[in-house]
Every structure is written in C-alpha cells, then in structure tokens.
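Single-letter residue listing:
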Amino acid sequence: MTDTMWLSVVLSLSVLFCVGNCQFPPFNETCISNAYPPNKTHAVPWYTINLDLPAKQRWTQVGQDKKAGIKKLVNTFLDFAKAWSKNATGRVVDFLINEGSKIDETLPQPYADEMRGLADATGIPLGEIVLYNIFYELFTVCTSIVAEDPTGKLYHVRNLDFGLFLGWDIKTKTWEVTDALRPTVVNLDFQRNGKTVFKSVNFAGYIGILTAIKPGIFTLTMNERFNKDGGYIGVVEWILGIRTGKWMGFLTRETMEKAGSYQEAVAMLSETEMLAPAYFIVGGNKSGEGCVITRSWEKALDVWRMEQANKWYILETNYDHWEEPLFLDDRRTPAHKCMQKTSSKNVSIKGLFNVLSSKPVLNKLTTYSALMQVNSGHLESWLQYCPDPCQPF
C-alpha cells in the first residue's frame with residue numbers, strides 16, 4: 001500500500017471519529033478578515049542559541065526551561081510507538097528507542113553533541129531525544145505561502161500542522177500530540193559573535209529547522225511530502241550504514257547558516273541528497289524570488305517559481321503542485337480562495353495572518369502560524385487554536 005493510499009484510508013476513518021463537531025469538504029468557510037493581532041497570550045517566547053558555545057551547551061537554557069513539555073511529548077511519542085510495535089514502522093521505532101544513543105554516534109557534528117547536551121539538560125535518555133527529533137521529519141502537514149506586495153516586498157508565512165494520526169480525542173475533538181506541542185513552541189535567534197545569523201521557530205528540543213529567516217537575504221519553510229518512499233526507509237538505510245544522504249533538519253540548518261543568497265539556498269536544497277522526500281518553500285529579497293522545491297531523496301524533481309504560479313504569490317500544502325490534493329485534505333483550494341480575496345494590495349503581516357486563520361487552512365492540527373518579512377528581518381509567531389466546528393486536519 002502506498003503512502004497516499006494509506007493516508008486515504010486513515011483520513012476516511014477519521015471522518016467516523018469526528019461525531020458532529022468537525023468540518024469536511026466542501027468548505028463554506030468565509031475568509032477571515034479580523035484575526036490580527038492575535039491574543040497576546042498566544043505569543044511565543046524568544047531564546048538565543050549561541051553558536052560560539054560548545055555544541056553541548058547551546059540548548060541548555062531551552063532544555064531546562066521546556067523540559068517538562070519535552071518529556072510529556074517524548075512520553076506521548078513512546079505511547080504511540082508501542083501501539084505500532086506489531087508492524088514494520090513499529091519495529092523501526094522500537095529499535096530507535098533502544099539504540100538511539102548509538103545512532104547519535106553516527107550523526108554529524110555539531111548535531112550529535114547538541115542532542116547529547118539536550119539529553120543532559122532535560123534528563124531524557126539520549127535515545128529518546130534522537131527519536132523525538134526524527135518524528136518531526138515524518139509527521140509535518142503544513143501550508144506555506146510566499147507573497148509579494150505592490151512595492152515588490154516579499155512576505156513568507158506558514159501554518160505548522162503536526163500530529164496527524166497521533167491520538168485523536170473523540171470527546172475533546174483534539175489531537176493529543178498537537179495540544180502537547182503548543183507549550184513547547186519557541187522563537188530562536190541563532191547568533192555568532194553577538195550577531196544574528198538567522199532566526200527560526202522551533203519545537204523545543206528539535207535542533208533542525210522547519211521555519212526560518214536569514215534577515216535581508218532569504219526565508220525558508222519545509223512541508224512534508226507524502227511518498228511511497230517515505231522517511232522511514234531513509235532512517236532504516238542510515239541504521240544499516242547507508243549514509244550518503246542528509247537528515248532534512250540538518251540540511252535546512254546548514255542552508256540557513258551557510259547560504260549567502262536566495263540562489264545559493266535554492267541550489268543547496270535542490271541538489272543535496274536527503275533521507276526523505278520534502279517540499280522546500282524559499283523566498284528571496286527581490287521581486288519574484290519565491291519557489292517551491294519538490295524533492296525526492298536524490299534531487300529536486302521540480303522547482304516551481306512564483307512567476308509560473310500566481311505571479312504575486314506561490315502556495316504549497318502537502319501535494320505536488322501538478323497533482324490534485326486528496327479530497328479530504330484539500331487546504332489548497334480554500335487557501336487560494338482567501339489569497340485571491342486578499343489580493344496583492346493587501347499583502348502584509350495582517351492580511352496573510354488572516355489567510356492562515358481561515359478554516360480549513362487553520363485546522364485542529366495547527367500548532368502555530370509564523371510570519372516573516374525578509375527585508376526587515378521580521379519574524380513573529382503565534383500559537384493557533386481552531387474553534388469548533390473545525391476540520392481535524
């Protein structure tokens with residue numbers, strides 16, 4: 001069974017669990033126009049990651065402050081891992097739980113030492129920290145948009161949806177992991193010599209990059225790409241000693257640190273062999289610089305540029321742009337509807353947050369919305385909650 005077939009089956013079953021308080025296609029939701037500014041209680045805290053420190057010390061403050069949330073998430077992940085223990089996926093997870101500390105020894109630096117430092121700061125076994133990081137490469141369902149205002153200024157925004165298949169609570173109509181994740185969301189300022197290298201939005205304890213801005217240069221988000229050759233195969237190959245590809249989170253981290261331009265970022269993300277397929281959404285600092293990179297393990301299958309899309313914006317969820325999205329998971333069509341209603345003249349932090357806050361772009365899996373403007377280096381993020389009736393994914 002392919003990943004797409006499996007997704008169809010599970011999503012269809014999820015319909016049965018929703019019991020009256022959820023929303024499903026066709027969507028009649030009105031595009032929101034008054035969501036910004038959000039409630040201040042939904043603001044995300046900031047931390048500095050000092051890249052001049054030894055790798056084991058960089059995450060100490062984050063780990064200590066957020067250890068209760070990280071521990072809760074790790075335990076939740078482990079509960080679901082046990083539920084999968086009778087199939088191939090479960091056996092991989094069991095192996096990672098038991099042998100994760102040995103896997104850490106095979107990871108490149110500084111990431112191996114950063115995970116060791118997190119284990120020390122949180123009191124969580126190293127193998128579980130490794131497993132915790134791997135989960136983010138396999139369960140991320142998102143919406144990302146790069147848009148241009150009439151002056152040529154570029155904005156890059158995203159909803160990070162996480163927790164699909166991980167604990168739907170019929171009574172509360174929520175995903176267990178999604179609820180547990182929100183308290184761990186942090187904004188990070190990665191600095192060297194006291195100056196910002198890049199900024200990101202992370203789940204505390206995850207050392208890779210899913211959402212980030214290199215001020216004045218480029219912006220980046222990563223979306224999961226469902227594929228029959230999914231991430232678990234890459235993990236298995238790594239365990240077996242086939243290590244020619246990069247972990248997705250390490251590749252994005254290196255891109256944020258090393259790429260000096262939009263073009264360099266696109267090249268790195270297009271040409272580097274990886275462990276799993278993905279979509280990389282990249283925005284530059286000049287008019288028209290926006291693209292979606294559709295990745296296989298080996299290389300880019302397609303680089304779809306803003307000029308080929310909608311001229312003033314480009315939008316990606318979790319399906320190849322040349323294919324129709326799964327009927328039960330069509331966030332793309334409503335997102336386009338709201339972007340067209342917003343129009344280029346209203347492209348701004350406020351206008352784009354309204355799009356991200358419109359159902360089903362906003363759904364029960366949405367943990368946070370991130371808003372970036374490259375020229376000013378602006379990054380803000382907000383915890384998101386979807387009031388009923390709301391689509392579960």
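Residues numbered from 1 in each chain as written. Predicted model: local features only at pLDDT ≥ 70, side-chain atom pairs only at ≥ 80, totals over all residues. Heavy atoms only, no water.

1. Topic: the overall build of the protein chain
Right, so step 1: Broken down by element type, the protein chain carries 12 helices and 15 strands.
Right, so step 2: Taken across its 393 residues, the protein chain has 60% of its residues classed as buried.
Right, so step 3: Relative to all contacts within the protein chain whose residues are 6 or more apart in sequence, the contacts with residues 24 or more apart total 68%.
Right, so step 4: A total accessible area of about 15400 Å² is found for the protein chain, and carbon and sulfur atoms account for 52% of it. (Helix = DSSP H or I, 4+ residues; strand = E, 2+ residues; numbered from the N terminus. Buried < 20%, exposed > 50% of the residue type's maximum accessible area, 1.4 Å probe, protein only. Contact = heavy atoms within 4.5 Å. Areas by Shrake-Rupley, 256 points an atom, 1.4 Å probe, with all protein chains shown as cover.)

2. Quick look at the side chain of Q191
Right, so step 1: Assignment of secondary structure puts Q191 in strand β6 (residues 185–192).
Right, so step 2: Of the polar contacts made by the side chain of Q191, one reaches the side chain of D189; its length is 3.1 Å.
Right, so step 3: The contacts of Q191, once residues within four sequence positions are left out, are T48, I49, N50, L51, D52, T196 and V197. (Polar contact = N/O pair within 3.5 Å; in protein donor to acceptor, adjacent residues only side chain to side chain.)

3. A look at the side chain of T252
Right, so step 1: Among the secondary structure elements, T252 is positioned in helix α9 (residues 248–258).
Right, so step 2: Separated by 2.7 Å, the side chain of T252 and the backbone oxygen of I209 make a polar contact.
Right, so step 3: Among all residues touching T252, those that are not within four sequence positions of it are I209, L220, L269 and F280.

4. Focus: the packing of aromatic side chains
Right, so step 1: Scanning all chains against the criterion turns up eight aromatic pairs.
Right, so step 2: Taken together, a centroid distance of 6.0 Å and an interplanar angle of 70° make the contact between W59 and F190 edge-to-face. Pair noted here: W59 is in the loop between β1 (46–50) and α2 (60–65) and F190 is in strand β6, with a separation of 131 residues, a long-range link.
Right, so step 3: On the accessibility criterion, F190 (0% relative accessible area) is buried.
Right, so step 4: Aromatic pair F162 and F203: ring centres 6.2 Å apart, planes at 55°, arrangement tilted. Note that F162 is positioned in strand β3 (residues 154–162) and F203 in strand β7 (residues 195–203), a separation of 41 residues in sequence.
Right, so step 5: On the basis of relative accessible area, F203 is assigned to the buried category, the value being 1%. (Phe/Tyr/Trp six-rings, centres within 6.5 Å; stacked < 30°, edge-to-face > 60°.)

5. Regarding helix α12 (residues 349–356)
Right, so step 1: The buried fraction of α12 amounts to seven of the eight residues, a majority that puts the element mostly inside the structure.
Right, so step 2: By the burial criterion, the buried members of α12 are I349, G351, L352, F353, N354, V355 and L356.

6. Considering the state of the cysteines
Right, so step 1: Applying the stated rule across the entire model yields two disulfides.
Right, so step 2: The side chain of C31 participates in a disulfide bridge whose partner is C338; the two sulfur atoms lie 2.2 Å from each other. Taking the torsion about the S-S bond as the criterion, the C31 to C338 disulfide, at about -95°, is left-handed. Pair noted here: C31 is in the loop between α1 (3–17) and β1 and C338 is in helix α11 (residues 332–342), with a separation of 307 residues, a long-range link.
Right, so step 3: On the basis of relative accessible area, C338 is assigned to the buried category, the value being 4%.
Right, so step 4: Two residues share a disulfide in this structure: C386 and C390, whose sulfurs sit 1.9 Å from each other. Classification of the bridge connecting C386 and C390 rests on its S-S torsion, roughly 105°, and on that basis the disulfide is right-handed. Exposure class is identical for C386 and C390. Each is buried. (Disulfide = S-S within 2.5 Å.)

7. Observations concerning the sheet that holds strand β10 (residues 278–283)
Right, so step 1: Within the open sheet, the eight strands sit side by side as β1-β6-β7-β8-β9-β10-β11-β12. Their pairing is mixed. Every interior strand has two partners, whereas the edge strands, β1 and β12 (300–305), have only one. Neighbour to neighbour, the strand axes of the sheet diverge by 20° on average, direction disregarded.
Right, so step 2: Bridge count for β7 against strand β8 (residues 211–214) is three bridges, and the pairing is antiparallel. Opposite S200, over in β8, you have A212 as the bridge partner.
Right, so step 3: Strands β9 (218–224), β10, β11 (290–295) and β12 of the sheet are contacted by helix α10 (residues 262–271), whose axis makes an angle of about 15° with β11. (Pairing = 2+ DSSP bridges. Axes fitted to C-alpha atoms, helices over the stretch in contact; angles between N-to-C directions.)

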